[in-house]
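What the coordinates show
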Amino acid sequence: MKRTIFLQNPDAIWLKGNLHSHTVNSDGNLTPEEMKEAYIHHGYDFLAITDHDIYTDTRYLTDENFTMIQGIEHYNNSAVGDKDIHVHYLWADTIEGIKDKDVIHLKERKAEYGLPYIYDMKRKGAFVQINHPHWSMINVTDIGTDTPFNAVEIMNYGADWLENMGNGVVFWTEMLFRGDRVWGTGGDDNHNHAPLDSMYSDSFGGFTVVKARNRSPEAIMEALFSGSFYTSTGPEIYDFYIEDDMVHIKCSPCEKIYICCQWRPYQRILGRHVTEFHTKLKGREKFIRCECMDARGRTAWSNPIYLD
């Protein structure tokens, strides 16, 4: 039997998107309309505008060729010891109690208020993730064992490109090692304080590619909740699955493909223009995921396939 993270509907489509961005409604330099046009120009299929502590309703920008996902980035203190973390909420259409331009703050930025708010948003149907853990200078012990998150932002391009602090893969791996079942997402976190064609631009570098049943916001959110996506800074993953105890990976040309599980990366293939890797499971894996790295140092990360 084939086991995979990707939606197996024969009519499913691949859609490229940015799940984390900011506009003039918080601390960005572009309007929602300008953001949409920029991402269309760069070949994206969907975009989430997630302004800081304020909801920007962008449903009116969705059309037959481009989809807007709804969301907000929330300053939250759900971490142990009241450390500051940024929590991301995403949804398809509407969510109870939040309307356009609503400003959302905790009563106090303390864990006793932050964690219940996360659970309440999750109850309402939001997809909940921890943003840029490395940039926030938190480790896994800081978030405690009560982890109601759907995902970790493992690639924050803005923080990675401009500050070298956007890679959250180690944080994510530690969560997986201790048994948390969370997906790994990517986004730009772009504020566009530099021109889009500048070396200092924080746009178009980290993205999430979903395999969804169609282009609707509902279908994209279904893909996120189920893990039917991968995160990348360049390479493409075409397939990743297990069949008859064999692992199969197909991707765009890369130099390195690693299979990772609950211990160190234990299988790999290296070479020029590697596009496939087929290898046998060792039998003790609780989950597996893959990382595909190209000649420019860019990486694509799959979500885990759980084996228990």
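Above this text you will find the structure in question.
Worth saying up front: this structure is predicted, and the values here are computed from it rather than measured.

Taken as a whole, the largest pocket spans an internal volume of roughly 380 Å³. If you trace the largest pocket, you find 19 residues lining it, with Gly 205, Phe 207, Thr 233, Gly 234 and Arg 298 closest to the centre. Listing elements by their share of the lining of the largest pocket, those giving two or more residues are strand S2 (13–18), helix H3 (157–163), strand S9 (207–212) and strand S11 (237–243). Of the residues contributing to the lining of the largest pocket, the split by class is 10 nonpolar, three polar and six charged. In this structure, the second largest pocket spans a volume of roughly 180 Å³. Lining the second largest pocket are 13 residues, and of these Trp 135, Ala 159, Glu 163, Asp 189 and His 191 sit closest to its centre. Here the lining of the second largest pocket is composed, by residue class, of three nonpolar, six polar and four charged.

Turning our attention to the pattern of salt bridges. Enumeration according to the criterion identifies 15 salt bridges in this entry. Note that Asp 308 and Arg 181 form a salt bridge whose closest N and O atoms lie 2.3 Å from each other. Remark: Arg 181 occurs in the loop between helix H4 (169–177) and strand S8 (183–187) and Asp 308 occurs in the segment after strand S16 (305–306); sequence separation between them is 127 residues. It is possible to trace a salt-bridge network through shared partners that takes in Glu 96, Asp 120, Arg 123 and Lys 124.

A few words now on the packing of aromatic side chains. One pass over the structure, following the stated rule, counts 12 aromatic pairs. An angle of 75 degrees between the planes, with centres 5.0 Å apart, marks the rings of Phe 6 and Trp 14 as edge-to-face. Seen in terms of ring centroids, Trp 183 and Tyr 306 are 6.3 Å apart; in terms of plane orientation they differ by 50 degrees. Their pairing is tilted. Highlighted residues: Trp 183 in strand S8 and Tyr 306 in strand S16, separated in sequence by 123 residues.

Attention now moves to the pairing of S11. With five of seven residues buried, S11 lies mostly within the body of the structure. Bridge count for S11 against strand S12 (residues 246–260) is six bridges, and the pairing is antiparallel. Each bridged residue has a counterpart across the sheet, and for Glu 243 the counterpart in S12 is Met 246. In textbook terms, the turn of a hairpin is the stretch between consecutive antiparallel strands, and for S11 and S12 this stretch comprises two residues, one of which, Asp 244, has a positive phi near 55 degrees.

Tyr 89 and Val 210 are the most contacted members of the largest nonpolar core, which totals 51 residues. Once residues within four sequence positions are removed from consideration, Val 210 is found in contact with Ile 13, Trp 14, Leu 15, Phe 46, Ile 220, Ala 223, Leu 224, Ser 228 and Phe 229.

What follows is about unusual backbone geometry. Unlike most non-glycine residues, Asn 164 shows phi in positive territory, near 60 degrees. Mapping Asn 164 onto the fold places it in the loop between H3 and H4. Unusually for a residue other than glycine, Phe 204 sits at a positive phi of about 70 degrees. With respect to the helices, strands and loops of the structure, Phe 204 is situated in the loop between S8 and S9. Residue Phe 204 is classed as buried on the basis of its relative accessible area, which comes to 18%.

This brings us to the side chain of Asp 57. You can see Asp 57 is positioned in the loop between strand S3 (46–49) and strand S4 (67–76). Separated by 2.8 Å, the side chains of Asp 57 and Arg 59 make a polar contact.

Turning to the pairing of strand S7 (residues 151–156), a few remarks are in order. Among the six residues of S7, six are classified as buried, and the element is accordingly described as predominantly covered. Bridge count for strand S6 (residues 127–130) against S7 is two bridges, and the pairing is parallel. From the neighbouring strand, Ile 130 faces S7, where its bridge partner is Val 152. The sheet contact formed by S7 and S8 spans five bridges and is parallel. Residue pairing for S8: Ala 151 is matched across the bridge by Trp 183.

Bringing the environment of Ile 288 into the picture now. Relative to the helices and strands, Ile 288 is located in strand S14 (residues 287–293). You can call Ile 288 buried: its relative accessible area is 0%. Residues Ile 288 and Ile 259, 29 residues apart in the sequence, show an inter-C-alpha distance of 6.6 Å. The contact partners of Ile 288, leaving out residues within four places of it in the chain, are Phe 240, Ile 242, Val 247, Ile 259, Cys 260, Cys 261, Tyr 266, Leu 281, Asn 303, Pro 304, Ile 305 and Leu 307.

So, how was this worked out
Residues numbered from 1 in each chain as written. Predicted model: local features only at pLDDT ≥ 70, side-chain atom pairs only at ≥ 80, totals over all residues. Heavy atoms only, no water. 1 Å grid on protein atoms, 1.4 Å probe; cavity = no way out; pocket = protein on both sides within 12 Å on 5 of 7 lines; lining within 4 Å. Points joined across faces, edges and corners; volume = space filled by probe spheres on them. Helix = DSSP H or I, 4+ residues; strand = E, 2+ residues; numbered from the N terminus. Nonpolar A, V, L, I, M, F, W, Y, C, P; charged D, E, K, R; others polar. Salt bridge = Lys/Arg side-chain N within 4 Å of Asp/Glu carboxyl O. Phe/Tyr/Trp six-rings, centres within 6.5 Å; stacked < 30°, edge-to-face > 60°. Buried < 20%, exposed > 50% of the residue type's maximum accessible area, 1.4 Å probe, protein only. Pairing = 2+ DSSP bridges. Core = buried A, V, L, I, M, F, W, Y, C linked by side-chain atoms within 4.5 Å. Contact = heavy atoms within 4.5 Å. Polar contact = N/O pair within 3.5 Å; in protein donor to acceptor, adjacent residues only side chain to side chain.

Keep in mind that these numbers describe shape and distance, not what the molecule does.
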